[in-house]
Amino acid sequence: MNGAQPQPKPKTGPEPEPEPQSRSTNPPRAPVAGADSAASGAGEAFLRNVPEVADMNQYWYSPTTIETIVGELEAAAQGQDSPLRVACLSTPSVFFSLPEGSAVRAGSVAFDYDRQWEGHANYRFFDFNDPSGTIEPALQHRFDMCVVDPPFITRDVWTKYAEAIRLCLKPAGVGGAPGRVILTTVGENEAMLRTVLGEELGRPLRKATFMPAMQKPWYGFGYVALAHRILFFCSGS
């Protein structure tokens, strides 16, 4: 964010129709004491300024996860002939943790349902129930990469995010390398994501060696990162 952050308001995606289960059907567990306590920097700065609201299914990444993804984006930019453009779909913690003044941040956009960032030049309102209606034509097929973390984990929601990813990414063969994606979800979704993303994006999808985490590890399941054509970040298997 440029300058002072606005007063935080809850962020979440709109309710899907029909309403699916949220990320977990298990009752919340107490956060693990000391989790990511050593992490510092941009990720922690975002978390200090923008509290999450569980009632609205708003769960931020841990500082280490934010900073790992940000570092991956900055590293990916080094191999670009032109500035890397990233569509942050429901991942404002990643966008607003990109270094101020960096070329990656300048060329990227935070697509999110929460309007608290409406005054920021790189924010765009995004409703996953209407990707083509809320991703404006001028921004369609303009991005080299998408970073995606939906507020729900079900197939119908991921199908809508798959549409948003395809709308955001540059067509294959435009501007050099094919479009790339980083997705975070439960491990059980890997096969489903290959299907909803289609042959071009789904087949090369790989589980990352890095294991992402939420700011408050309340969930009773394993969260994973799935990446596409980012060899440093992927297991490659």
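As the structure is a prediction and not an experimental result, all values here were calculated from the model.

> How do you make sense of the environment of Ala 162 when you look at a structure like this?
Relative to the elements of secondary structure, Ala 162 occurs in helix H6 (residues 155–168). Assessed through its relative accessible area of 1%, Ala 162 is described here as buried. Along the sequence, Ala 162 and Leu 193 sit 31 residues apart, while their C-alpha atoms lie 8.5 Å from each other. Leaving out residues up to four positions away in the same chain, Ala 162 has contacts with Val 196 and Leu 197.

> Is there a simple way to explain the packing of aromatic side chains in this structure?
Between two aromatic rings, the relevant description is the distance of the centres plus the angle of the planes. Summed over the entire model, instances satisfying the criterion amount to 11 aromatic pairs. Seen from their ring centres, Phe 46 and Trp 60 are 5.2 Å apart, and the 80 degrees between their planes marks the pair as edge-to-face. Of this pair, Phe 46 sits in helix H1 (residues 42–49) while Trp 60 is found in the loop between H1 and helix H2 (63–77), placing the two residues 14 residues apart along the sequence. The exposure class of Phe 46 is buried, given its relative accessible area of 2%. On the basis of relative accessible area, Trp 60 is assigned to the buried category, the value being 3%.

> Where do I start with the environment of Phe 143 in this structure?
Tracing the sequence through the fold places Phe 143 in the loop between helix H5 (131–134) and strand E4 (145–148). Considered as a pair, Phe 143 and Ala 87 are 56 residues apart in the sequence and their alpha carbons are 6.2 Å apart. Discounting residues that sit within four places of it in the chain, Phe 143 has contacts with Arg 85, Val 86, Ala 87, Gly 107, Val 109, Phe 111, Cys 168, Leu 169 and Lys 170.

> Sorry if this is basic, but what is going on with the pairing of strand E5 (residues 180–186) here?
Each regular strand shows side chains that alternate between the opposite faces of the sheet. Burial within E5 is extensive, with 7 of its 7 residues counted as buried. As paired elements, E4 and E5 share 4 bridges and run parallel to each other. Paired with Val 148 across the bridge in E5 is Leu 183.

> Is there a simple way to explain the packing of H1 against H2 in this structure?
A pair of packed helices is captured by two measures, namely the crossing angle of their axes and the spacing between those axes. At their nearest, the axes of H1 and H2 sit 7 Å apart, and the two run at 130 degrees to each other. Our classification of the angle between H1 and H2 gives oblique. Note on packing geometry: the crossing formed by H1 with H2 is right-handed. Each of Ala 42, Gly 43, Glu 44 and Leu 47 in H1 lies in contact with H2, whose residues at this interface are Pro 63, Ile 66 and Glu 67. For the contact of H1 with H2, the class distribution of residues is 4 nonpolar, 1 polar and 2 charged.

> What exactly am I supposed to notice about the nonpolar core here?
Considering soluble globular proteins, one finds that nonpolar side chains tend to be buried as a cluster. In terms of nonpolar packing, the biggest core is built from 29 residues, with Leu 89, Phe 111, Cys 146, Ile 165 and Leu 183 touching the most fellow members. Elements with a minimum of two residues in this core: strand E1 (86–89), strand E2 (109–112), E4, H6, E5 and helix H7 (190–202). Examining the composition of this core, we find that 8 residues originate from one element, H6, more than from any other. Core analysis: the next-biggest nonpolar cluster, separate from the first, contains 27 residues, Ile 66, Phe 95, Leu 98 and Val 104 among them.

> I tried to follow the pairing of E4 on my own but got confused; where do I start?
Here E4 shows a buried face lined by Met 145 and Val 147 and a second buried face lined by Cys 146 and Val 148. Where E1 lies against E4, 4 bridges are found, and the strand directions are parallel. Note that in E4 the partner of Val 86 across the bridge is Met 145.

So, how was this worked out
- Per-chain numbering applies: the sequence of each chain, read as written, is numbered from 1 onward.
- pLDDT decides what is reported in this predicted model: residues at 70 or higher carry local features, side-chain atom pairs at 80 or more are listed and counted, and totals for whole chains, interfaces and linings draw on all residues regardless.
- Here the side-chain values reflect all heavy atoms present in the structure, with hydrogen atoms and water set aside.
- Helix numbers and strand numbers start at the N terminus; a helix is a DSSP run of H or I with at least 4 residues, a strand a run of E with at least 2.
- Each residue is placed in one exposure class: buried if its accessible area under a 1.4 Å probe, protein chains only, is under 20% of its type's maximum, exposed if it is over 50%, and partly exposed if it falls in between.
- Residue contacts follow a heavy-atom distance rule, with two residues in contact if any of their heavy atoms lie within 4.5 Å.
- Note on ring pairs: Phe, Tyr and Trp rings are taken, using the six-membered ring of Trp, and paired if centres are within 6.5 Å. Classes follow the plane angle, with under 30 degrees stacked, over 60 edge-to-face and the rest tilted.
- Note: two strands are recorded as paired if DSSP finds a minimum of 2 bridges between them.
- The axes are straight lines fitted to the C-alpha atoms, using for helices just the contacting stretch, and the angles between their N-to-C directions are given from 0 to 180°.
- Here roughly perpendicular refers to angles of 65 to 115 degrees, roughly parallel to angles under 35, roughly antiparallel to angles over 145, and oblique to all remaining angles.
- Definitions for this section: a left-handed crossing has its near helix turned counterclockwise from the far helix by less than a right angle. A right-handed crossing has that turn clockwise.
- Residues are grouped as follows: nonpolar covers Ala, Val, Leu, Ile, Met, Phe, Trp, Tyr, Cys and Pro; charged covers Asp, Glu, Lys and Arg; every other residue, Gly included, is treated as polar.
- Nine residue types can take part in a nonpolar core, namely buried Ala, Val, Leu, Ile, Met, Phe, Trp, Tyr and Cys, and a core is a set of them joined through side-chain atoms within 4.5 Å.

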